[in-house]
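# Structure at a glance
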2 protein chains.
Amino acid sequence: MIPTSTVPDVLVRTRQAVAPALADALDRLSEDVRRLVTYHLGWTDLDGRPALDGEGKGIRPALAILSAEAARAESQVGVPGAVAVELIHNFSLVHDDVIDGDLTRRHRPTVWAVAGIGHAIVVGDALVTLAHQVLLDGPSAVSAGRCLADATAAMIAGQADDIAFETRRDVSLVQCTAMTVNKTGALLGCAASIGAVLAGATPATVRGLRDYGTNLGMAFQAVDDLLGIWGGPERTGKPAGNDLRQRKKTLPIVAALCAGNGEAHELHDLLGGGLLDDQQVARATSLVEACGARTWTANRARSHLGTALQALEGVRMSPMTRRELTELAAYVVERES
Amino acid sequence: MIPTSTVPDVLVRTRQAVAPALADALDRLSEDVRRLVTYHLGWTDLDGRPALDGEGKGIRPALAILSAEAARAESQVGVPGAVAVELIHNFSLVHDDVIDGDLTRRHRPTVWAVAGIGHAIVVGDALVTLAHQVLLDGPSAVSAGRCLADATAAMIAGQADDIAFETRRDVSLVQCTAMTVNKTGALLGCAASIGAVLAGATPATVRGLRDYGTNLGMAFQAVDDLLGIWGGPERTGKPAGNDLRQRKKTLPIVAALCAGNGEAHELHDLLGGGLLDDQQVARATSLVEACGARTWTANRARSHLGTALQALEGVRMSPMTRRELTELAAYVVERES
């Protein structure tokens, strides 16, 4: 893979536009919940003291701002959408960490690891509700709310499949792809179009931007799935080999299982038992590569990136916005962590 | 307490109006999630085969329908609100069972007990999102959506306090009451007014109905707290003494702790350690009663019921709707399970 790019300027610029509104929204939470949220976001430590540690990249809010700009509106128009998608994204992270039993995220202990499962469930619940409150207080509340709620519903359906697939041995590539479209594509598609929805853009503009975001999400997930097998903890903040250990049915794993060769059969048998130990994880990792699934998945990420950029071509926007959306797409797919 | 009343006709009538719309909404869920939801609702067994077993009473959707009728609209106007509040209520039940570690609800194993914590989290997440989708598809989406989202946010804040209070020894009656208003009052206040919101009623009408619902919720919670100590599993579907065992800070427990006598001090010491064993639960139960907290809480339920009925007096509505809202209130407070 290409080395990590420098953080694009657009992420710095859009973070400055979104952070104050996000902080205002968080003020509506009860104190205990807010402290855990600012901890999760990397804004504070557990006692609420300021810290800037392990913040997310802010790709979704950046997309929301850019989608307003793509519809030739002021970036401010996209802010409620940016805040809402960032809240939904973080709701899903907090709940996913419970579901997956992940102890660390961005090199820090996860919310459930520090505060217990009960608090983590409540924190996620509070974030999803806050996202709806933010949109309901703004203009275009219904269309933006639908954009968000439909994407959230799809994301949750994808997450349900993701869990169910762990104990299934017969997941096809089509099913795996459908799960990924839902789990990751839907919210990025929403992020990349909600600003345009708020700006009252034409359906064609909204659709083009959404297709860009959905494909970007698919590319993002393909890269994430590669990191879930070959990314070390120093890059992902998670233990290496986590996905194979948990028998997740990610794209490269399913692609390998579908290869139909001897390695695929051995992998099938390995993943058919209980959780894997370190030696089994190492063997499974080399089997996935031997099936050609690492190359296949990397190609697939590139192909979705191409489709994403193609979707942008149909949308009229300023050259600067187009350049920033293109840069952001490259950044997402080239990232190593 | 007065013996369980017969189920009021209004609950039968409103269930018939709401059930088809609720079933339609559930069709939007992915298959695995829907099967767990219909199991949770008591509509099916775990394999999706029809069953009618342990259904909820449907008080919230009934209130939503009645609130549309109170605003002199057709009951149909209240249906999206009824579906949405029922979805939010059940989202909270599914997540609360995980948080509280409860293995049974309405005499059947809880969702997390049969499907694991991950699935239960996802099922709750799917229900809250579906509630917003239902409202966003209907008329008055913004005002009804705000009514629902604000109530949900309050409910979640109350739930966060409820968890935090378990390990605190200094919870005051004021804090406990505020927690209850949020945890139970807010969603019943929403249920009792969302139909009127959908009908475009005046702010005074909406406020009167909401005050009725909020106070009804407070009365409901007081009765629930009594059942949490003195209600046996045959009445509640939960193990007896659950609340004391978990050191929950419910109204009667906090009232007892604040009594300032010797029994209160002994109770304080008992609840200051870890989880209680059966003998300690029995001792704590008699201490709460000796502090006069059982009588105090029962009086408090009656007093909130009075306030609820008073709030109704300020709202003009048909005599029949008024009678049904009054009956429903009595039913809620007189229930023994």
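Residues numbered from 1 in each chain as written. Chains lettered and ligands numbered in written order. Predicted model: local features only at pLDDT ≥ 70, side-chain atom pairs only at ≥ 80, totals over all residues.

### Looking at the overall build of chain A
- Each helix and strand counted, chain A has 16 helices and two strands in total.
- Relative to its length of 337 residues, chain A is compact, with a C-alpha radius of gyration of 20 Å against a globular reference of 20 Å.
- Considering only C-alpha atoms, chain A reaches an extent of 55 × 50 × 35 Å along its principal axes.
- Sorting the 337 residues of chain A into buried and exposed places 54% on the buried side.
- Within chain A, contacts between residues at least 6 apart in sequence are counted, and of these 73% link residues at least 24 apart. (Helix = DSSP H or I, 4+ residues; strand = E, 2+ residues; numbered from the N terminus. Rg over C-alpha atoms; globule rule 2.2 N^0.38 Å. Buried ≥ 20, exposed ≤ 12 C-beta atoms within 10 Å, placed from the backbone. Contact = placed C-beta atoms within 7 Å.)

### Remarks on the interface of chain A and chain B
- Contacts between the two partners involve 34 residues from chain A and, on the opposite side, 34 residues from chain B.
- Mapped onto the side of chain A that touches chain B, the elements with two or more residues apiece are α2 (31-41), α4 (79-100), α6 (117-136) and α7 (141-166) of chain A.
- The greatest single-element share of the side of chain A that touches chain B, amounting to 15 residues, is contributed by α7(A).
- Of the residues contributing to the side of chain A that touches chain B, the split by class is 19 nonpolar, ten polar and five charged. (Nonpolar A, V, L, I, M, F, W, Y, C, P; charged D, E, K, R; others polar.)

### Considerations on the relation of the copies chain A and chain B
- For these two chains of identical sequence, chain A goes onto chain B by a turn of 180° and a shift of 0.0 Å along the axis, with RMSD 0.0 Å. Here the transformation between the copies is reduced to the relation of a two-fold axis. Of the C-alpha atoms belonging to chain A, the one lying closest to the rotation axis is found on A:V142, 3.3 Å away.
- A share of 100% of interface residues in chain A that are also interface residues in chain B marks the association as one of identical surfaces. (Least-squares fit on C-alpha atoms with pLDDT ≥ 70 in both.)

### Considering the packing of helix α4 (residues 79-100) of chain B against helix α8 (residues 173-198) of chain B
Residues and elements named next belong to chain B.
- At their nearest, the axes of α4 and α8 sit 8 Å apart, and the two run at 160° to each other. Looking at the two axes, α4 sits roughly antiparallel to α8. Seen along the crossing, α4 lies across α8 with a hand that is right-handed. When α4 is examined against α8, the residues P80, G81, V85, I88 and H89 are found in contact with a partner set consisting of L187, C190, A191, I194, G195 and L198. (Axes fitted to C-alpha atoms, helices over the stretch in contact; angles between N-to-C directions. Parallel < 35°, antiparallel > 145°, perpendicular 65-115°, else oblique. Left-handed = near helix turned anticlockwise from the far one by under 90°.)

### What about unusual backbone geometry?
Residue and element names in this part refer to chain A.
- Phi is positive for R247, which is not a glycine, with a value near 60°.
- Within the secondary structure, R247 is located in the loop between α11 (242-245) and α12 (251-257).
- Taking the number of C-beta atoms within 10 Å as the measure of exposure, R247 has 20 and is therefore buried.

### Focus: helix α1 (residues 9-26) of chain B
Residue and element names in this part refer to chain B.
- Across its 18 residues, α1 extends 25 Å between first and last C-alpha, which sits within 8% of the 26 Å expected from 1.5 Å per residue.
- Of all the bends in α1, the greatest, near 35°, is centred on V18, and the proline P20 appears no more than four residues after it.
- Along α1, the positions that sit buried rather than exposed are V10, T14, V18, L22, A25 and L26.
- Where α1 is buried, its residues contact α2 (31-41), α3 (59-70), α4, α6 (117-136) and α16 (319-334). (Expected span 1.5 Å × (residues − 1). Bend = angle between axes of the 7 residues up to and from the residue.)

### Observations concerning the environment of A:L46
Residue and element names in this part refer to chain A.
- On the secondary structure map, L46 appears in the loop between α2 and α3 (59-70).
- Taking the C-alpha atoms as reference points, L46 and L36, separated by ten residues in sequence, lie 6.7 Å from one another.
- Excluding residues that lie within four positions of it along the chain, L46 makes contacts with Y39 and V114.

### Notes on helix α16 (residues 319-334) of chain A
Residue and element names in this part refer to chain A.
- Taking 1.5 Å of rise per residue, the 16 residues of α16 would be expected to cover 22 Å, and the 22 Å separating its terminal C-alpha atoms lies within 8% of that figure.
- For α16, every residue scored as buried is listed here: T321, E324, L325, L328, A329, V332 and V333. Seen end-on, α16 carries its buried residues on one side only, within an arc spanning 165°. Exposed and oriented more than 90 degrees from the buried face of α16 are P319 and M320. (Arc of directions from axis to C-beta.)

### Topic: the nonpolar core
- A:L148, A:A219, B:L148 and B:A219 are the most contacted members of the largest nonpolar core, which totals 226 residues.
- Apart from residues no more than four positions distant in its own chain, A:L148 is found in contact with A:A84, A:V85, A:I88, A:A131, A:L135, A:C190 and A:I194. (Core = buried A, V, L, I, M, F, W, Y, C linked by C-beta atoms within 7 Å.)

### As for the confidence of the model for chain A
- For chain A, the mean per-residue pLDDT works out to 91, and 96% of the residues sit at or above 70.
- Model confidence for the complex: the whole-complex pTM is 0.88, and ipTM, which rates the interface, is 0.85. (pLDDT = per-residue confidence, 0-100.)

### Topic: the packing of α6(A) against α6(B)
- With their axes 11 Å apart at the nearest point, α6(A) and α6(B) run at an angle of 20° to one another. By the angle between their axes, α6(A) is roughly parallel relative to α6(B). Where α6(A) crosses over α6(B), the two elements pack in a sense that is right-handed. Of the residues in α6(B), those in contact with A:I117, A:I121, A:D125, A:V128 and A:H132 of α6(A) are B:I117, B:I121, B:D125, B:V128 and B:H132.
- Here the contact of α6(A) with α6(B) is composed, by residue class, of six nonpolar, two polar and two charged.

### Some remarks on the environment of A:V37
All names here are of chain A.
- The topology assignment puts V37 in helix α2.
- Given 25 C-beta atoms within 10 Å, V37 falls into the buried group.
- As a C-alpha pair, V37 and A120 span 83 residues in sequence and 9.5 Å in three-dimensional space.
- Residue contacts for V37: discarding those within four places in its chain leaves L26, L29, V123 and L127.

### Concerning the environment of A:R283
- Within the element layout of this structure, A:R283 appears in helix α14 (residues 278-290).
- Remark: the alpha-carbon pair of A:R283 and A:L270, spanning 13 residues in sequence, is separated by 8.9 Å.

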